[in-house]
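Now for the letters of each chain:
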Amino acid sequence: MDWSPLWISLATSLLATAITLVAGLTAAVWRENRTGPGVALADGILLLPLVLPPTVVGFLLLLLFGRNGPLGHLLMKFGAVVVFSWPATIVAAAVVAFPLMYLTARGALEQVDPHILEAARTLGASEWRVLREVALPLAWPGVLAGLVLSFARALGEFGATLMFAGDIPGRTETIPLAIYFAVESGEMRRAFIWCGIDLAVSFLLLTALYRWTKARTPWRARWMSQDAA
Amino acid sequence: MPLEIEFQKSLREFTLDVSFHGGDEPLAVLGPSGSGKTMLLRVIAGLERPDRGRIALNGRVVFDAARHIHVPARERRVGVLFQHYALFPHRTARENIAFGLHQLALAEREARVKELAQRVHVTGLESRFPGELSGGEQQRVALARALAIQPEALLLDEALTALDTHLRSQVEQQLQETLDTFDGPALLVTHNIEEAYRLGRKLLVLTRGKIAAFGDKEEIFRHPPSVEVARLTGCKNFSRARAISSTEIEALDWGCRLRVPDVSGKTVNHVGIRAHHLDFVEAHDRTGANENVFPCWLARSSETPFRITLFLHLQTPPTSTTPPHLQAEVFKEKWARFRNSPLPWHIRLSPESLLLFPD
């Protein structure tokens, strides 16, 4: 059996999630304490991939990265073609997952008590230190939720990937694509196996992520139990 | 002066407009909620920017609108104790205290944390997270954290409000100790009259963003300059008034004439008296020509564990429609002596206890 869809799916989802984490957090931090028509417009654009059908996202990516698209044209100068290549699966998954990360990270940052951040400032901390040592650690449980959602979305990504990266076995064929084409060609057994693998991968990764967070935030359980008391 | 403050900042409901100079002694800022007292602290700490004015701490200008100076909070070195302490919940007590000391070498930092923990009596609790500390301990850790940066000034926002009553007096004494040893101006914001009196040496009364009184605390309590300040410093009894002669006024709402210390040349529009300054005169004392003594009837009462507040009606027995004229506060031991004597009782509004207001 050809295991490549598993490795492609894993690598794609993990890389896409990592990109989303950085981009989503950056956008959320940038968005904090900002108001105005420009911000509302930016918000709309950032959230667009959430409301558009994945096929539309894939099509737009094709236009953007295509031979005549602005980004595609630029990348051509460096000799890089993204369309119908493995990096395209990452771009598709990251774009589709981005709004989930951005929204949850924004919510988590807004939940942090502003007085705690102000306390850090009065103690001489730079904005960067406030963010890195106070805001992000406190927002971490929320950020993690975004991470989980993004990963799940990236792992399940189908429409945009098919449009933008195509189905090239061994290069762009992820698990969802493998399942689709297995069913289409009547290979039900293969479809079943991939479904099982998808289930196992999702479950294992989510459990690992949850454990890791709990180990990273020992203060939280105690803080919470005190509130409950 | 250690503290030179003069600024305006428009807020949603009013403009915070203050101007005062302060020394190294603790200054209590008293005001009702929403009077702008927390905003005053935030402006001094650099967390809010005023519209106009100038602020200098120990001679260093940290804000000057005319010269476009606005030193950000992180460079002001002002220690702030937030109302709910705002400790970093994900950091231990030690790490909280050390937060402002990260530029020091490890050994020196540890020594400083140890010394600070001793100073606020939290030794032994350094490895705990804020969630594992009691309210009083959290408050002390927050205080140590603020003191760690060797602040130019110390600002305390309702430092004791969040504590349970039984903890408050103990924590307050330790706070007093810290304030005594702190070398620099300290501002304590509170809405609690007794706390303001005990912890502050000077007093600033703020109402709707304006300074209603500023100065020596004893003086403000003894001679509040306005009805509002008197009310905020705990005076419960007020009546409209007009002068009849230089030594007599008529209290219109109380329906009586009162002998007063010389008021010639002064405007008197209101008179007030503190609830605990009302004197109950027992029958055998009433033989002499006692001035300002009036018959009174009890309308209702309200008890606390050791004291009782009596709501009284002067001159005539109370009816259901007229509100009581005065409230008197007496210790229960004293109350026990006359509670069973027949009405009317007699009450004395001694001339020295009367507060006279021009407004």
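Residues numbered from 1 in each chain as written. Chains lettered and ligands numbered in written order. Predicted model: local features only at pLDDT ≥ 70, side-chain atom pairs only at ≥ 80, totals over all residues.

1. Some details on the overall build of chain A
Phase 1 of the analysis: When you go through chain A residue by residue, the secondary structure sums to 11 helices and zero strands.
Phase 2 of the analysis: Along the chain direction, N to C, the helices and strands of chain A fall in the order α-α-α-α-α-α-α-α-α-α-α.
Phase 3 of the analysis: Each principal axis of the C-alpha distribution contributes one length, and for chain A these read about 60 × 40 × 30 Å.
Phase 4 of the analysis: Across the 229 residues in chain A, those meeting the buried criterion constitute 37%.
Phase 5 of the analysis: Across chain A, contacts joining residues at least 24 apart in sequence account for 75% of those joining residues at least 6 apart. (Helix = DSSP H or I, 4+ residues; strand = E, 2+ residues; numbered from the N terminus. Buried ≥ 20, exposed ≤ 12 C-beta atoms within 10 Å, placed from the backbone. Contact = placed C-beta atoms within 7 Å.)

2. Concerning the environment of Thr38 of chain B
All names here are of chain B.
Phase 1 of the analysis: Relative to the helices and strands, Thr38 resides in helix H1 (residues 37–45).
Phase 2 of the analysis: Since 19 C-beta atoms lie within 10 Å of it, Thr38 is described here as partly exposed.
Phase 3 of the analysis: Between the C-alpha atom of Thr38 and that of Glu48, which follows or precedes it by 10 residues, the distance is 11 Å.
Phase 4 of the analysis: Excluding its chain neighbours within four sequence positions, the residues that come into contact with Thr38 are Asp157 and Val189.

3. As for the interface of chain B and chain A
Phase 1 of the analysis: Each side of the interface is counted separately: chain B has 19 residues, and chain A has 20 residues.
Phase 2 of the analysis: Partitioned by chemical class, the residues of the side of chain B that touches chain A number 12 nonpolar, four polar and three charged. (Nonpolar A, V, L, I, M, F, W, Y, C, P; charged D, E, K, R; others polar.)

4. Some points on the domain arrangement of chain B
All names here are of chain B.
Phase 1 of the analysis: Partitioning chain B into structural domains gives domain 1 (3–232) and domain 2 (236–359).
Phase 2 of the analysis: Contacts between the two partners involve four residues from domain 1, matched on the other side by six residues from domain 2.
Phase 3 of the analysis: Residue classes in the side of domain 1 that touches domain 2 are distributed as three nonpolar, one polar and no charged. (Domains from an automatic or database assignment.)

5. Quick notes on the sheet that holds strand S19 (residues 326–331) of chain B
Residues and elements named next belong to chain B.
Phase 1 of the analysis: Read from one edge of the open sheet, five strands run S16-S20-S17-S18-S19, paired in antiparallel fashion. Either end of the sheet is taken by a strand with one partner, and the two such strands are strand S16 (279–281) and S19. Strand-to-strand, the axes of this sheet are offset by a mean angle of 50°, without reference to chain direction.
Phase 2 of the analysis: When S16 meets strand S20 (residues 345–348), the two strands line up antiparallel, connected through three bridges. (Pairing = 2+ DSSP bridges. Axes fitted to C-alpha atoms, helices over the stretch in contact; angles between N-to-C directions.)

6. Examining the confidence of the model for chain B
Phase 1 of the analysis: This prediction gives chain B a mean pLDDT of 91; 98% of its residues lie at or above 70.
Phase 2 of the analysis: Scored as a whole, the predicted complex attains pTM 0.84, and scored at its interfaces, ipTM 0.85. (pLDDT = per-residue confidence, 0-100.)

7. With respect to helix H7 (residues 127–156) of chain A
Phase 1 of the analysis: When the terminal C-alpha atoms of H7 of chain A are compared, their 37 Å separation across 30 residues is substantially less than the 44 Å that a helix rising 1.5 Å per residue should span.
Phase 2 of the analysis: A maximum bend of about 60° is found in H7 of chain A at Trp140 of chain A, where proline Pro141 of chain A lies one to four positions downstream. (Expected span 1.5 Å × (residues − 1). Bend = angle between axes of the 7 residues up to and from the residue.)

8. What to know about the packing of helix H1 (residues 4–31) of chain A against helix H5 (residues 86–111) of chain A
All names here are of chain A.
Phase 1 of the analysis: Two elements in contact, H1 and H5, have axes whose closest approach is 6 Å; the angle formed by their N-to-C orientations is 40°. Comparing the axis directions of H1 and H5 gives the class oblique. Considering how the two elements wind past one another, H1 and H5 form a crossing that is right-handed. (Parallel < 35°, antiparallel > 145°, perpendicular 65-115°, else oblique. Left-handed = near helix turned anticlockwise from the far one by under 90°.)

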